[in-house]
Amino acid sequence: MGVARLLAKGWLVICLFAAGHALVRALSSHVPAVPALEGVAIPMLLFGAMGFLFIAGYGLSSGHLLSRFKPMHFAPGFDEIVFILFVLLSFLIEVAPHHLSSGILNALETAIRFAVPGQRALEENLARCNLDGGRTFSAAVAWLLGFVFLGSAISRLRMAAALVRLERKRRIEPLGAQGIALVLGVAGVAGIQLLFMGTLYRWISCSLLGDITGALLIGVAPLLLAYLIFAALTNLLATHPED
């Protein structure tokens, strides 16, 4: 649950999610499969490598990254597997050409609209930009999946914090336990303000909202925020000695 590893996992999710949307859009524009894959894979690898280069620079600052690194550090645990499945589900719903309309689905959108100010801000911006195409439903599902993931992960918070304490006995973090908790806490508060409260949705332009940037904000940003809050709570709990 270190900062470098958390950034790397988040960056990987963003790159793959964006690449998936780019590939779907290329195929829907009747681009042949092989050129479409080439056109998506090369920018994704370059964009991903750029981000991982900065993340590796932070990790190397601890002086222990190369000597302590093991591939198992990136092996997904139960919470990560659930998160990946939810991201895939959100992606499939977002790229589906048609969304069913029924009382249950409409009730879901209404409930999320009531509970999440960011959903209302997003819908207002989508209406202003004359954009819909199932985006409001996709956003509602993403928020629902984010809430479910956060509730499930919090039920195992003490166990996750205990694992972080054990890990820190073997590997020193550059920021220290309190520093990591502070950084993740500030990032979580900023994410709540920008996404859950909807400040970011009011700022984003129509061109970005209708592009892959908008697809990321609608389909994966709520899930990333839920994971960030879980990581912040885990690191905060890990700063206290085990009872």
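Look up a bit, the structure's there.
Residues numbered from 1 in each chain as written. Predicted model: local features only at pLDDT ≥ 70, side-chain atom pairs only at ≥ 80, totals over all residues. Heavy atoms only, no water.

## Side note on the side chain of His 21
For His 21, the position within the fold is in helix H1 (residues 3–28). The exposure class of His 21 is buried, given its relative accessible area of 5%. Excluding its chain neighbours within four sequence positions, the residues that come into contact with His 21 are Phe 91, Glu 94, Val 95, Ile 212 and Ala 215. (Helix = DSSP H or I, 4+ residues; strand = E, 2+ residues; numbered from the N terminus. Buried < 20%, exposed > 50% of the residue type's maximum accessible area, 1.4 Å probe, protein only. Contact = heavy atoms within 4.5 Å.)

## Things to note about the state of the cysteines
For the structure on display, the rule yields one disulfide. What pairs with Cys 129 in a disulfide is Cys 206, and their sulfur atoms sit 1.9 Å apart. Measuring handedness by torsion sign, the sulfur bridge of Cys 129 and Cys 206 sits at about -75° and is left-handed. Taken as a pair, Cys 129 in the loop between helix H6 (117–128) and helix H7 (135–154) and Cys 206 in helix H11 (residues 206–209) lie far apart in primary sequence, 77 residues in all. (Disulfide = S-S within 2.5 Å.)

## Quick notes on unusual backbone geometry
Phi angles above zero are rare outside glycine, and His 30 is one such case at about 65°. Residue placement: His 30 occurs in the loop between H1 and helix H2 (33–60). In this structure, Asn 130 takes a positive phi of about 55° despite not being glycine. Counting through the fold element by element, Asn 130 comes out in the loop between H6 and H7. Judged by its relative accessible area of 72%, Asn 130 is exposed.

## Side note on the packing of helix H5 (residues 103–115) against H7
Viewed as axis vectors pointing N to C, H5 and H7 meet at an angle of 70°, and their least axial separation amounts to 9 Å. It follows that H5 is roughly perpendicular to H7 by the angle criterion. Crossing of H5 against H7: the hand is left-handed. Touching Leu 105, Leu 108, Glu 109 and Ile 112 of H5 are Thr 136, Phe 137, Ala 140, Val 141, Trp 143, Leu 144 and Phe 147, all from H7. Taken together, the residues that form the contact of H5 with H7 break down as nine nonpolar, one polar and one charged. (Axes fitted to C-alpha atoms, helices over the stretch in contact; angles between N-to-C directions. Parallel < 35°, antiparallel > 145°, perpendicular 65-115°, else oblique. Left-handed = near helix turned anticlockwise from the far one by under 90°. Nonpolar A, V, L, I, M, F, W, Y, C, P; charged D, E, K, R; others polar.)

Taken by themselves, the reported measurements are silent on function.
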